[in-house]
Amino acid sequence: MFGEWSYMAMLGFVLIASWWLEFAFKLRVLRNPKRLFTTLVLVSPWFIAWDAYAISLGHWFFDRTQMTGIIGPMNIPLEEYLFFILIPIAAVLTLDGVTKVLPIVRSWLKRPARLVNK
Amino acid sequence: MTYTGLALFAIITVLLVELMVLKTGLLKKIEFYLAYAIVVFFQLLTNGYLTGREIVLYDSESIIGLRIAFAPFEDLMFGFALVVLTMTVWTKLQMVEENRFPISKE
């Protein structure tokens with residue numbers, strides 16, 4: 001459907017599906033670049049190393065016709081590098097989003113249900 | 001080692017890092033499980049797309065062969081390890097930040 005941008009399209013979806021949370025719920029994830037960058041530095045390299053190892057062993061491989069064809073260090077495609085940046089960011093946005101929204105949802109649930117609650 | 005073996009190793013390592021080293025209490029929080037449920041939903045969607053359209057392919061020798069939404073089960077294990085490590089490190093850094101600048105928000 002997206003030709004050589006097929007993998008990139010999925011990354012674009014992840015970006016759009018997660019980054020709005022920052023602004024809708026006034027999170028401080030993207031706007032705390034130091035903490036976010038530190039998290040990525042501590043987490044991503046392990047999984048990039050795993051990716052490199054798995055690619056070298058042939059555990060998984062890619063349809064190059066559906067990717068941009070840009071290959072980074074350790075024979076890892078650009079899309080995979082972006083994956084290990086965007087997915088952790090999405091995970092953090094989801095965690096902080098839930099943390100922010102949960103008390104609000106709880107207060108909604110409490111209000112009309114005084115007879116049900118202890 | 002197979003993908004299955006590596007994925008198991010990753011999950012155990014990440015859980016040990018949280019429970020023995022960082023000790024953020026993440027795994028005791030309902031927020032974590034709700035967030036992980038949302039992440040898994042989107043993982044099934046996006047990874048289903050990558051594997052269903054055969055953008056990413058797998059060596060059948062290195063996986064057990066159980067597939068969920070086109071993707072090997074091992075991908076869920078990989079995702080779990082990635083997401084838990086990310087969330088525990090992020091939470092730990094928050095604790096460090098708040099200790100340094102003690103502005104109580106709770």
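As a reminder, the structure under discussion sits directly above these lines.
All values reported here derive from a predicted model rather than from experimental measurement. Per chain, residues are indexed from 1 in the order of the written sequence. The order in which chains are written sets their letters, starting at A; the order in which ligands are written sets their numbers, starting at 1. Under the rules for a predicted model, residues below a pLDDT of 70 receive no local features and side-chain atom pairs below 80 are neither given nor counted, while totals for whole chains, interfaces and linings still include all residues.

## What to know about the overall build of chain B
Moving on, step 1. Where helices and strands are cited, they refer to DSSP runs of H or I of at least four residues and of E of at least two residues respectively, numbered from the N terminus. Each helix and strand counted, chain B has three helices and three strands in total.
Moving on, step 2. Put simply, chain B runs from its N terminus to its C terminus through helices and strands in the order α-α-β-β-β-α.
Moving on, step 3. Radius of gyration: over C-alpha atoms. The globule rule applied is 2.2 Å multiplied by the number of residues raised to the 0.38 power. Relative to a compact globule of 106 residues, whose C-alpha radius of gyration would be 13 Å, chain B shows 17 Å and is clearly more extended.
Moving on, step 4. Counting other C-beta atoms within 10 Å of a residue's own tells you its class, since 20 or more makes it buried, 12 or fewer makes it exposed, and anything in between is partly exposed; those C-beta atoms are placed from the backbone. Considering chain B as a whole, with its 106 residues, one finds that 39% of them fall into the buried category.
Moving on, step 5. A pair of residues counts as a contact when their C-beta atoms, built from backbone coordinates, are separated by no more than 7 Å. A separation of at least 24 residues holds for 69% of the contacts in chain B among residues at least 6 apart in sequence.

## Quick notes on the nonpolar core
Moving on, step 1. By convention in this section, buried Ala, Val, Leu, Ile, Met, Phe, Trp, Tyr and Cys residues joined through C-beta atoms within 7 Å make up a nonpolar core. Among the nonpolar cores identified, the biggest contains 48 residues, and A:Ala91, A:Val92, A:Leu95 and B:Met87 are the most heavily contacted of them.
Moving on, step 2. Listing elements by their share of this core, those giving two or more residues are helix H1 (6-24), helix H2 (33-57), strand S1 (60-62) and helix H3 (78-110) of chain A together with helix H1 (3-22), helix H2 (30-52), strand S1 (56-58) and helix H3 (73-100) of chain B.
Moving on, step 3. Per element, the largest residue contribution to this core is 10 residues, and it comes from H3(A).
Moving on, step 4. The residues contacting A:Ala91, other than those within four sequence positions of it, are B:Val39, B:Val83, B:Thr86 and B:Met87.

By themselves these figures say nothing about function.
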